[in-house]
Amino acid sequence: MNNLKKARRAKGLTQVEVAKIIGLSQSSYSDWERGTTKIDNISLARLSELFEASTDYLLGKEDSPVQGAIKIPVLGSIPAGIPVEAVEDILDWEEIPASWATGGREYFGLKVKGDSMYPKYLEGDTVILRKQDSCDSGDDCVVMVNGYDATLKQVFLREDGCIEIRPLNPSYPPTTYTPDDIAKLPVSIAGVVVELRRKIK
């Protein structure tokens, strides 16, 4: 027996309200509470954030909802045109402080590929990103350019409306997109790096 109903009632939410926040039908969410269908990992992580309870508590594996951390998915890639929350290429899970998620903030992890951001980021590193579609000039961001996977680059916002995405490795050239490019390709920000995690072994 899972603890979804307890957690939902503790937050003062109805099934309809939770279903709307998660983005599914009330009947589908009801099936989760009854335990007749399995909850996918991404939705489980979002419910954990919403209810401020651990995933193990929600699944009925532990008795206390108290949590100091929440789990976020680490993605291998983010294909252009697909929302982050819909990506199924989950390689791992990382924990972040539960306090980070207050105010509805969302996070995800991404495995670094290649050496375009060397020496700051190495291939195989995990970057933790806050999901947002804007950034400050000079931020390290995941940028979506239509037709390609998301790319990790330093982003500079120009006064003329252009966006420059710049690798840290001088072997790779920067790319500048005009306002017309940004609208037509399109070019967008998927998240801003807030933490780097590197495993030594």
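As the structure is a computational prediction, the values presented were derived from the model and not from experiment. (Residues numbered from 1 in each chain as written. Predicted model: local features only at pLDDT ≥ 70, side-chain atom pairs only at ≥ 80, totals over all residues. Heavy atoms only, no water.)

### Let's talk about the overall build of the protein
Step number 1: Looking only at helices and strands, one finds 6 helices and 9 strands in the protein.
Step number 2: Along the three orthogonal principal directions, the C-alpha set of the protein runs to about 55 × 40 × 25 Å.
Step number 3: By the burial criterion, 42% of the 201 residues in the protein qualify as buried.
Step number 4: When contacts within the protein are restricted to residue pairs at least 6 apart in sequence, long-range pairs at least 24 apart make up 54% of them.
Step number 5: Here the protein has roughly 11000 Å² of accessible surface; of this, 51% comes from carbon and sulfur atoms. (Helix = DSSP H or I, 4+ residues; strand = E, 2+ residues; numbered from the N terminus. Buried < 20%, exposed > 50% of the residue type's maximum accessible area, 1.4 Å probe, protein only. Contact = heavy atoms within 4.5 Å. Areas by Shrake-Rupley, 256 points an atom, 1.4 Å probe, with all protein chains shown as cover.)

### Regarding the pattern of salt bridges
Step number 1: For the structure shown, the criterion picks out 11 salt bridges.
Step number 2: Of the charged contacts in the structure, one is a salt bridge between Arg 198 and Asp 125, with a shortest N-O distance of 2.7 Å. Here Arg 198 is found in the segment after strand 9 (187-197), whereas its partner Asp 125 is found in the loop between strand 3 (107-111) and strand 4 (126-131), with 73 residues between them in sequence.
Step number 3: Since its relative accessible area comes to 38%, Arg 198 is described here as partly exposed.
Step number 4: Among the ionic pairs, Arg 197 bridges to Glu 195, the shortest N-O distance being 2.5 Å.
Step number 5: Salt bridges sharing partners connect three or more residues here, namely Glu 94, Glu 195, Arg 197 and Lys 199. (Salt bridge = Lys/Arg side-chain N within 4 Å of Asp/Glu carboxyl O.)

### Topic: the sheet that holds strand 6 (residues 151-157)
Step number 1: Strand order in this open sheet of 9 strands is 2-1-3-4-9-5-6-7-8, and the pairing throughout is mixed. Either end of the sheet is taken by a strand with one partner, and the two such strands are strand 2 (90-97) and strand 8 (175-177). Strand-to-strand, the axes of this sheet are offset by a mean angle of 40°, without reference to chain direction.
Step number 2: Examined bridge by bridge, strand 5 (residues 140-145) and strand 9 share 5 bridges and lie antiparallel to one another. Bridge pairing in strand 9 places Met 144 opposite Ser 188. (Pairing = 2+ DSSP bridges. Axes fitted to C-alpha atoms, helices over the stretch in contact; angles between N-to-C directions.)

### A few points about the packing of helix 2 (residues 15-22) against helix 3 (residues 26-34)
Step number 1: For the pair helix 2 and helix 3, interaxial distance at closest approach is 8 Å and the crossing angle is 105°. In terms of orientation, helix 2 and helix 3 fall into the roughly perpendicular class. Residues Gln 15, Val 16, Val 18, Ala 19 and Ile 22 of helix 2 form the contact with helix 3, whose own contacting residues are Gln 26, Tyr 29, Ser 30, Trp 32 and Glu 33.
Step number 2: Taken together, the residues that form the contact of helix 2 with helix 3 break down as 6 nonpolar, 3 polar and 1 charged. (Parallel < 35°, antiparallel > 145°, perpendicular 65-115°, else oblique. Nonpolar A, V, L, I, M, F, W, Y, C, P; charged D, E, K, R; others polar.)

### Focus: helix 3
Step number 1: Among the residues of helix 3, those classed as buried are Tyr 29, Ser 30, Trp 32 and Glu 33. Buried residues of helix 3 fall within an arc of 155° about the axis and therefore sit on the same side.
Step number 2: Looking at the buried residues of helix 3, the elements they touch are helix 1 (4-10), helix 2 and helix 4 (41-51).
Step number 3: Within two residues after helix 3, Gly 35 carries a phi angle of roughly 80°, on the positive side. (Arc of directions from axis to C-beta.)

### Examining the environment of Pro 170
Step number 1: One can find Pro 170 in the loop between strand 7 (163-166) and strand 8.
Step number 2: Sequence separation of Pro 170 and Glu 52 is 118 residues, and the distance between their C-alpha atoms is 43 Å.

### A look at the pairing of strand 1 (residues 69-75)
Every regular strand shows the same layout, with side chains that alternate between the two sheet faces.
Step number 1: With 5 of 7 residues buried, strand 1 lies mostly within the body of the structure.
Step number 2: Examined bridge by bridge, strand 1 and strand 2 share 7 bridges and lie antiparallel to one another. By the bridge assignment for strand 2, Ala 69 is matched with Pro 97.
Step number 3: Sheet analysis places strand 1 next to strand 3, joined by 2 bridges and oriented parallel. Bridging across to strand 3, Leu 75 finds its partner in Leu 110.

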